[in-house]
Each structure stands twice: as C-alpha cells, then as structure tokens.
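These are the residues of each chain, in order.
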Amino acid sequence: MAIDWKGLNPAPVTLFKDNGDVDFDGNARLAKWLASIPGVKSLVILGHAGEGTFLTHDEQLELIRVYKDATPLPVVAGITGEGTKVAELEAKEKFEAGATGALVYPNHGWLRFGYQKGAPVDRYKAVAQSGLECILFQYPAVTKANYDLDTQLQIAAVPGVTATKNGVRDMKRWYNEIPALKNAFPDLAIMSCHDEWLLPTMFDIDGLLVGYGNMAPELLIEYLAAGKAQDYPLARKYHEQLLPITRAVYHRGSHMEGSVALKHALRARGLIDNVNVREPLKALGDGADEEIRAAVKASGLTVVQSVPA
Ligand SMILES: N[C@@H](CC=O)C(=O)O
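Residue numbers restart at each chain and count upward from 1, following the sequence in its written direction. Owing to the predicted nature of the model, reporting of local features is limited to residues with pLDDT of at least 70; listing and counting of side-chain atom pairs is limited to 80 or more, with chain, interface and lining totals taken over all residues. Hydrogens and water molecules were not included; the side-chain quantities draw on all heavy atoms of the structure.

Put simply, the rule is: UniProt positions are given in the numbering used here, feature names are shortened, and annotations may be inferred rather than shown by experiment.
Where an unreviewed UniProt entry is consulted, the chain appears under the name Dihydrodipicolinate synthase family protein, with the organism given as Azospirillum griseum. Listed under Sequence similarities (unreviewed entry) in UniProt, the entry text for the chain is "Belongs to the DapA family."

**Focus on the side chain of S299**
Applicable threshold: Numbering of helices and strands runs from the N terminus; a helix is a DSSP stretch of H or I covering at least four residues, while a strand is a stretch of E covering at least two. For this analysis, residues touch if any pair of their heavy atoms sits within 4.5 Å.
Its location among the elements puts S299 in the segment after α11 (288-298). If we skip the residues at most four places from it in the chain, S299 touches L219, Q241, L242, P244 and I245.

**Section: the environment of A102**
We count it as follows: Think of it in three bands: with a 1.4 Å probe and only protein chains considered, a residue is buried below 20% of the maximum accessible area for its type, exposed above 50%, and partly exposed in between.
Within the secondary structure, A102 is located in strand β4 (residues 101-104). The class for A102 is buried, based on a relative accessible area of 0%.

**Remarks on the pairing of strand β6 (residues 161-166)**
In plain terms, the rule: Strand pairing follows a simple DSSP-based rule, namely that at least 2 bridges must link the two strands. By convention, orient the strands away from the viewer: a clockwise path from the first strand over the helix to the second makes the crossover right-handed.
With five of six residues buried, β6 lies mostly within the body of the structure. Here five bridges tie strand β5 (residues 133-138) to β6, and the two strands are oriented parallel to one another. From the neighbouring strand, L136 faces β6, where its bridge partner is T164. Since β5 and β6 lie parallel, the crossover through helix α6 (residues 149-156) that links them has a hand, and here it is right-handed. Relative to strand β7 (residues 189-192), β6 runs parallel, the two being bridged by four bridges. From the neighbouring strand, T164 faces β7, where its bridge partner is I190. Between β6 and its parallel partner β7, the chain crosses via helix α7 (residues 171-184), and the hand of that crossover is right-handed.

**Observations concerning helix α8 (residues 217-228)**
Basically, it comes down to this: Under the convention used throughout, the expected extent of a helix is 1.5 Å for every residue step, that is, one less than its residue count.
Taking 1.5 Å per residue as the helical rise, α8 with its twelve residues ought to reach 16 Å, and the 16 Å between its terminal C-alpha atoms agrees with that figure. Listing the buried residues of α8 in full gives P217, L219, L220, I221, Y223, L224, A226 and G227. The inward-facing, buried residues of α8 contact β1 (8-10), α1 (24-35), β8 (207-210) and α9 (232-250). Count one or two residues on from α8 and you reach Q230, which has phi positive near 55 degrees.

**Details of the sheet that holds β1**
For clarity, the cut-off: Inter-axis angles, ranging from 0 to 180 degrees, are taken between N-to-C directions of lines fitted to C-alpha atoms, where helices are fitted over the stretch in contact.
If you trace the eight strands from one edge of the open sheet to the other, you get β1-β8-β7-β6-β5-β4-β3-β2, paired in parallel fashion. Taken across any chain shown, the strands that pair with only one partner, and hence form the sheet edges, are β1 and β2 (43-45). Neighbour-to-neighbour, the strand axes of the sheet open up by a mean angle of 25 degrees, direction not taken into account. Running at roughly 155 degrees to β5, helix α5 (residues 119-128) makes contact with β3 (75-79), β4, β5 and β6 of the sheet.

**Quick notes on unusual backbone geometry**
The amide bond that connects E279 to the next residue, P280, takes the cis arrangement and shows omega of 15 degrees. Checked against the element boundaries, P280 lands in the loop between α10 (255-268) and α11. Although it is not a glycine, L46 adopts a positive phi angle of roughly 65 degrees. Note that L46 resides in the loop between β2 and α2 (57-70). By relative accessible area, L46 is classed as buried at 2%. Notably, E51 is not glycine yet its phi reads approximately 50 degrees, a positive angle. For E51, the position within the fold is in the loop between β2 and α2.

**Some remarks on the nonpolar core**
To keep things clear, this is the line we draw: Side-chain atoms within 4.5 Å link the members of a nonpolar core, which is a set of buried Ala, Val, Leu, Ile, Met, Phe, Trp, Tyr and Cys residues.
Counting residues in hydrophobic clusters, the biggest one holds 110 residues, and the most contacted among them are Y124, Y212 and I245. No other element matches the seven residues that α9 contributes to this core. If near-sequence neighbours (up to four positions away) are discounted, Y124 is found in contact with V104, C134, I135, L136, F137, Y147, I155, V158 and V161.

This is the structure:
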C-alpha cells in the first residue's frame, strides 16, 4: 500500500534507559501518542533525530518491530549502510522486520569526497528492490553529498521512490529544483526538513519530515495547512508562535544538539521521563533544560495529559 506522505511525518527520538539500553516501552508510548494525532502520516525512525546509527543492528530491527506493533501507521526506517550492497541487505532486513518505507541516506563518504555520477541512483535502485517505498533525501547544498538536479531526477524516476525530503538550505536551488521535480514527477511528494527555518519552504510542500514533529505535532499540522492554503499571514503566525521553541531546540551550536534538545522538550511536555542520549551525543549544558521548558511554555505547547494505551 502506498504511503500517504501528505501531512506530518515526524522523526521520533529514540529513548534510552538509565543503564543505556534502548527503552522499547518508552518508544512505544511515544509512537502511540504521535500516531493518535490526526494529520500524522508515518513515523520515520532510525534517522538523525532517532540516533539510528548509534543503535546496534539488532536494536534497530527490534525498534522497527516495536513501532510496527505499537501503531497502525507506516514505519519508515533510515537506511544508512555505506556500501550499496550493504544498504540493499539492510533494506531487505528492515522490510522483513516490518518497515514500509526507507529514508535512504547518502553514503557518508560522499560528504567528504563527493559522489561519482550514477552512484546515488544505483544506491536507490538497490534499496528499492527490498519493497520499501523510498524517500530521496537531499542533503544541504554545503555538503558534497548533495545531489545535483539531474541526479535527483534520476533518483525520482526509480520505481518505488515516492517522496523527497529536501534539506538543501539554499533557496535559489529550492526555487528552481522543487518546481523541476514537481513538473517531471507530479506524484512525487515534496517534504521539507528545514527544521530551523521552515517558513520559506511551507508554501511548496506536500508534507513535513522533521524531528520537530516530535515536540509540536499539533501546531505543525496547522502550520502545514496554512502553507498549503497559501495563507502567508496565518503561516507567519505559526512561525512566530513556534519561534521560542525553534530557537531553543534548533538554533543551537549544531543540529546534533537539536536531537538532545528535542528530548528536553518532550520531557517538558510530559511525554518522556529522561533525556538520556547515546554517544557521540552529549548532554546539553547548564541552563538548557530551564531554557527549553520556558520555550515550550512560550510557544503554547501544553503538557500532554494522557497517551493512548
Ligand atoms: N532536519 C535535518 C535532520 C534530519 O534528518 C535535515 O535537514 O536533514
């Protein structure tokens, strides 16, 4: 069954116990809460926000099973294996564990060295053989793992690629490449992942695929609707309302810190009990928790009183 990406696709954080083990029960609880919110379309796990590559192979597969059992929503798994063959096998295992979709990461060697022409499309072809619906993941323009338009068009043509998560962070590229993709592939769902400044992207998208979706799903769904309606004043209102929490979580030293800050925001909303992370993530410094709690309040995000069983 095709995934309907046209809404909010949060990338849940992964919870850990105090002894460092994955807290599967805590993750199931978070999954159930997110899935209970109308407008949430899928849950994208094992990505950056989910500390996917910090989990062992077995933990990754178990987390997919837990999400699959906890929610009727499609479970989308990050595919991060470096080699194309490795990524192909990883996708097969994740499909068998219960995933429906794949967020296909670039080979991370490309971040430093760039890619050879044709290699990205072959990676998608290999992963798509698993039966997972694939998301074309566009990295920021400042990285060498960023795909030129021709490469994006080739990837979008691969059967099984049904959406793109665009994080280019270069509006000149966005304003040219998003229409070109839409023109060539009208059914390709366009999703933004510009967590730290969503506003300029909100008028061109079908959905959001964001870590941000963990902590403010209710408001992001309304914000997305305003963007789709081309209602700039209303979208701007949501942008302003969310600015305190955007600043506290995403305008930090690095996007990596955002994954930790997300946990503080979720704790402030009463959804999780601790802010444990796995190395190489580090705890935030003194004062961060108070700052994030104050931002949650200032953005009008309330403490969640009950989570579906
Ligand atoms: N929002 C981030 C982090 C997520 O994967 C991005 O731009 O990729």
